[in-house]
Amino acid sequence: MTTQRCGWCSNDPLYIEYHDHEWGVPNHNEAHLFEMLCLEGQQAGLSWITVLKKRENYREHFFKFPITKIAQLTDTHLEYKLQDAGIIRHIGKLKAIRDNAIAWQKMKDDGVDMVKWFWDFVDNHAQINDVPYYKDAPAQTELSQKISKSLKKHGFKFVGPTTIYAFMQAVGMINDHENHCAFK
């Protein structure tokens, strides 16, 4: 018997693992939220499987050390990272990771609990949407526009409303699994 999954999930084991155990699952871990915010920004203009296949390389370059350390990276550090084909070699996207770490840290320094800040937008409860077919799910919503606008005000980069909606799906703030999906 075959497990029913969302139509976007291919047979790639990496995609299946992500779909079955991460996408749409509520996550309240600060490091994971930061990682997913950054990775969703890396996706801009690319397929998510491309980013997933490079995820371990990003972790090697960025996410195995604290946000405060990422915030201290210089342009020279980032330009050096461009030599690694294991990540997306786009200097603007790499600078966004650093700039987002700076913005994240500044909000924390101002007393903001970032996990609570994100989850307050959905009253700390995952929104489960009616999705007959994955292409019926929106690319952005008024809520993702609101979060995007607020993040940009705080200095975040590569956080447009479509990126933020994908982030919300990825960390389980929004559950857009198709109605027939076993993981709804």
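See the structure above.
The text that follows walks through the structure, step by step, so that each part is easy to find.

Thresholds, definitions, all that
Residues numbered from 1 in each chain as written. Predicted model: local features only at pLDDT ≥ 70, side-chain atom pairs only at ≥ 80, totals over all residues. Heavy atoms only, no water. Helix = DSSP H or I, 4+ residues; strand = E, 2+ residues; numbered from the N terminus. Buried < 20%, exposed > 50% of the residue type's maximum accessible area, 1.4 Å probe, protein only. Polar contact = N/O pair within 3.5 Å; in protein donor to acceptor, adjacent residues only side chain to side chain. Contact = heavy atoms within 4.5 Å. Salt bridge = Lys/Arg side-chain N within 4 Å of Asp/Glu carboxyl O. Phe/Tyr/Trp six-rings, centres within 6.5 Å; stacked < 30°, edge-to-face > 60°. Lys NZ or Arg CZ within 6 Å of the ring centre and 35° of its normal. 1 Å grid on protein atoms, 1.4 Å probe; cavity = no way out; pocket = protein on both sides within 12 Å on 5 of 7 lines; lining within 4 Å. Points joined across faces, edges and corners; volume = space filled by probe spheres on them. Nonpolar A, V, L, I, M, F, W, Y, C, P; charged D, E, K, R; others polar.

This part takes up the side chain of Asp-20. Looking at the secondary structure, you find Asp-20 in helix α1 (residues 13–21). Since its relative accessible area comes to 13%, Asp-20 is described here as buried. In this structure the side chain of Asp-20 is engaged in a polar contact, spanning 2.6 Å, whose partner is the side chain of Arg-5. Those residues within four positions of Asp-20 in sequence are excluded, and the remaining contacts are Arg-5 and Phe-183.

Here the phi dihedral of Asp-123 falls at roughly 50 degrees; this positive angle occurs in a residue that is not glycine. Looking at where Asp-123 falls in the secondary structure, it is placed in the loop between α7 (114–120) and β1 (127–128). Look at Asn-124: it is not a glycine, yet its phi comes out positive at around 60 degrees. Within the secondary structure, Asn-124 is located in the loop between α7 and β1. Asn-124 sits in the partly exposed class, given a relative accessible area of 44%.

Along the polypeptide, Gln-105 turns up in helix α6 (residues 91–109). The class for Gln-105 is buried, based on a relative accessible area of 18%. Ignoring any residue separated from it by four or fewer positions in sequence, one finds Gln-105 in contact with Ile-67 and Thr-68.

Before going further, it helps to spend a moment on the environment of Arg-55. Within the fold, Arg-55 resides in helix α3 (residues 48–63). Taking the relative accessible area as the measure of exposure, Arg-55 reaches 8% and is therefore buried. Considered as a pair, Arg-55 and Gly-86 are 31 residues apart in the sequence and their alpha carbons are 8.7 Å apart.

It is worth spelling out the pattern of salt bridges at this point. Tallied over the entire structure, the rule returns 13 salt bridges. Across the pair Arg-59 and Glu-56 runs a salt bridge whose closest N-O atoms are separated by 2.7 Å. Of this pair, Arg-59 and Glu-56 both sit in helix α3, three residues apart, which is roughly one turn of the helix. Residue Arg-59 is classed as partly exposed on the basis of its relative accessible area of 23%. The partner of Arg-98 in a salt bridge is Asp-75, and the shortest N-O contact between them spans 3.0 Å.

For the structure on display, the rule yields 13 aromatic pairs. Centroid distance Trp-117 to Phe-121: 4.9 Å. Interplanar angle 80 degrees. Geometry classified as edge-to-face. Centre to centre, the rings of Phe-118 and Phe-167 are 5.0 Å apart; their planes meet at 55 degrees, and the pair counts as tilted. One end of the pair, Phe-118, is in helix α7; the other, Phe-167, is in helix α9 (residues 161–170), and 49 residues separate them in sequence. For the pair Phe-118 and Phe-167, one class covers both residues: buried. Among the aromatic residues, ring-to-ring pairing joins Phe-34, Tyr-58, Phe-62, Phe-63, Trp-104, Trp-117, Phe-118, Phe-121, Phe-156 and Phe-167 into one connected group. The ring of Phe-65 is capped by Lys-69, whose NZ or CZ atom sits 5.4 Å from the centre of that ring. Just above the ring of Phe-62 sits the side chain of Lys-81; from NZ or CZ to the centre is 5.1 Å.

Attention now moves to the layout of surface pockets. Of the pockets and cavities examined, the largest pocket occupies roughly 520 Å³. Mapped onto the lining of the largest pocket, the elements with two or more residues apiece are α1, α2 (30–43) and α9. Among the elements that make up the lining of the largest pocket, the one with the highest residue count is α9 (five residues). Split into classes, the residues belonging to the lining of the largest pocket amount to 13 nonpolar, four polar and three charged. In this structure, the second largest pocket occupies an estimated 150 Å³ of space. If you trace the second largest pocket, you find it lined by Leu-14, Glu-17, Tyr-18, His-21, Glu-22, Leu-52, Lys-53, Arg-55, Glu-56 and Arg-59. Among the secondary structure elements, those contributing two or more residues to the lining of the second largest pocket are α1 and α3.

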